[in-house]
Amino acid sequence: MKQFLNKTALVTGASGGIGAEFARGLAKAGCHLVLTARREERLRALKKDLERTWGVQVDIVQSDLSTLEGVSHLINSLDQKNHAIDILINNAGFGYEGDFVLQNDDRLNEMIGLNITALTFLTKHFGRVMAEKQSGHILLTSSVGGFTPCPRMAVYDATKAYVLILGEALNHELKKHHVTVTTLCPGATRTGFFTASGQTLNALVKMTLMNPEKVARDGLKALAKGKSLVVPGLLNQLTVWGLRLLPRAFMAPVAGTVMN
Ligand SMILES: NC(=O)c1ccc[n+]([C@@H]2O[C@H](COP(=O)([O-])OP(=O)(O)OC[C@H]3O[C@@H](n4cnc5c(N)ncnc54)[C@H](OP(=O)(O)O)[C@@H]3O)[C@@H](O)[C@H]2O)c1
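Every value quoted in this text rests on a predicted model; they were computed, and no experiment measured them.

*Asks:* Would you take a moment to explain the pairing of strand β3 (residues 58-62) for this structure?
*Replies:* Consecutive side chains of a regular strand alternate in pointing toward one face of the sheet and then the other. Taken together, the five bridges between strand β2 (residues 32-37) and β3 define a ladder with parallel strand orientation. Each bridged residue has a counterpart across the sheet, and for Ala-37 the counterpart in β3 is Gln-62. Where the polypeptide runs from β2 across helix α2 (residues 40-54) and back to β3, its parallel neighbour, the crossover connection is right-handed.

*Asks:* Sorry, what's going on with the nonpolar core here?
*Replies:* Across soluble globular proteins, nonpolar side chains show a tendency to be buried alongside one another. Core analysis: the largest hydrophobic core is formed by 62 residues, its most contacted members being Val-11, Ala-23, Leu-26, Leu-33 and Leu-35. The biggest single contributor to this core is helix α4 (residues 105-133), with seven residues. Leaving out residues up to four positions away in the same chain, Leu-33 has contacts with Ala-9, Val-11, Ala-23, Leu-26, Ala-27, Leu-50, Val-56 and Val-58.

*Asks:* Sorry, what's going on with the packing of helix α3 (residues 68-80) against α4 here?
*Replies:* The geometry of a pair of packed helices is captured by two quantities: the angle between their axes and the separation between those axes. Running from N to C, α3 and α4 point in directions that differ by 30°, and their axes come no closer than 10 Å. Classed by the angle they form, the pair α3 and α4 counts as roughly parallel. Pair α3 / α4 crosses with right-handed handedness. On the side of α3, the interface is formed by Leu-68, Val-71 and Ile-75, while α4 contributes Thr-117, Ala-118, Phe-121, Leu-122 and His-125.

*Asks:* Could you clarify how one ought to interpret the sheet that holds β2 in this entry?
*Replies:* Pairing between the strands of a sheet is mediated by backbone hydrogen bonds and can be parallel or antiparallel. Across the sheet, seven strands lie side by side as β3-β2-β1-β4-β5-β6-β7; this open sheet has parallel pairing. The open sheet has two edge strands with one neighbour each: β3 and β7 (229-230).

Criteria and cut-off values
Residues numbered from 1 in each chain as written. Predicted model: local features only at pLDDT ≥ 70, side-chain atom pairs only at ≥ 80, totals over all residues. Pairing = 2+ DSSP bridges. Helix = DSSP H or I, 4+ residues; strand = E, 2+ residues; numbered from the N terminus. Right-handed = clockwise from strand over helix to strand, strands pointing away. Core = buried A, V, L, I, M, F, W, Y, C linked by C-beta atoms within 7 Å. Buried ≥ 20, exposed ≤ 12 C-beta atoms within 10 Å, placed from the backbone. Contact = placed C-beta atoms within 7 Å. Axes fitted to C-alpha atoms, helices over the stretch in contact; angles between N-to-C directions. Parallel < 35°, antiparallel > 145°, perpendicular 65-115°, else oblique. Left-handed = near helix turned anticlockwise from the far one by under 90°.

Given below as structure tokens:
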């Protein structure tokens, strides 16, 4: 990942899980960082660790990206500090499990705001700057769930299907500007995701959880190569392959059974 040396990357959702591992992987490659999330203490601790270990410059911006005000705050903070972003890691996101008709409106709105709206406008803002420079790399975190409708995760999976469709289209559209867009589709990974989404995992799923460090590493390797799509882990790759073969009418019932 030599091309990341002395570049600057913005990582959203860097306070834990896959985002913190993206930050570690990029710092190891000699890339300077801007880290953002809501939990500032965690960002500060990571900044200290990465600066000391890898000698890169790390800035942090605390922001709630579930609102447009939060997105503007992040963009304005970076503009004021004259940060030129070469790599955008659009990773922040959360899930929300439950019966659709009973789900909390505010929480659903926050999830759509973070997983779709913030990701779209950050990609548009930094994508335009990169297109003008005729260089840049963008990574969007979708999910294996983005390949299938899933009862009780209906809105979350729909947000991730949006990310997948957007990412694949943009990778093609921005090619003429020498900007790559890589969509990462992790399966179940050992992070704070399940606590945030209100899911309890059975022993079998716990055994298949991927390590967030490996997920981020696969994402960064694909990003470095400008790949359009990456699904980390053999089990997840087989799942996606199986879903592609499954007639559409069976997808939701099968996914619902697996969820149960
Ligand atoms: N873990 C999995 O099984 C899995 C599978 C497929 C896809 N994914 C996707 O992977 C990405 C990373 O999730 P993760 O697994 O690493 O989960 P995680 O450990 O819960 O991390 C989520 C990150 O998003 C940030 N975030 C949440 N709400 C935010 C908000 N309103 N504003 C700004 N930042 C916010 C969190 O930071 P703060 O709380 O500090 O704000 C945290 O840094 C997500 O897009 C998720 O959908 C995860």
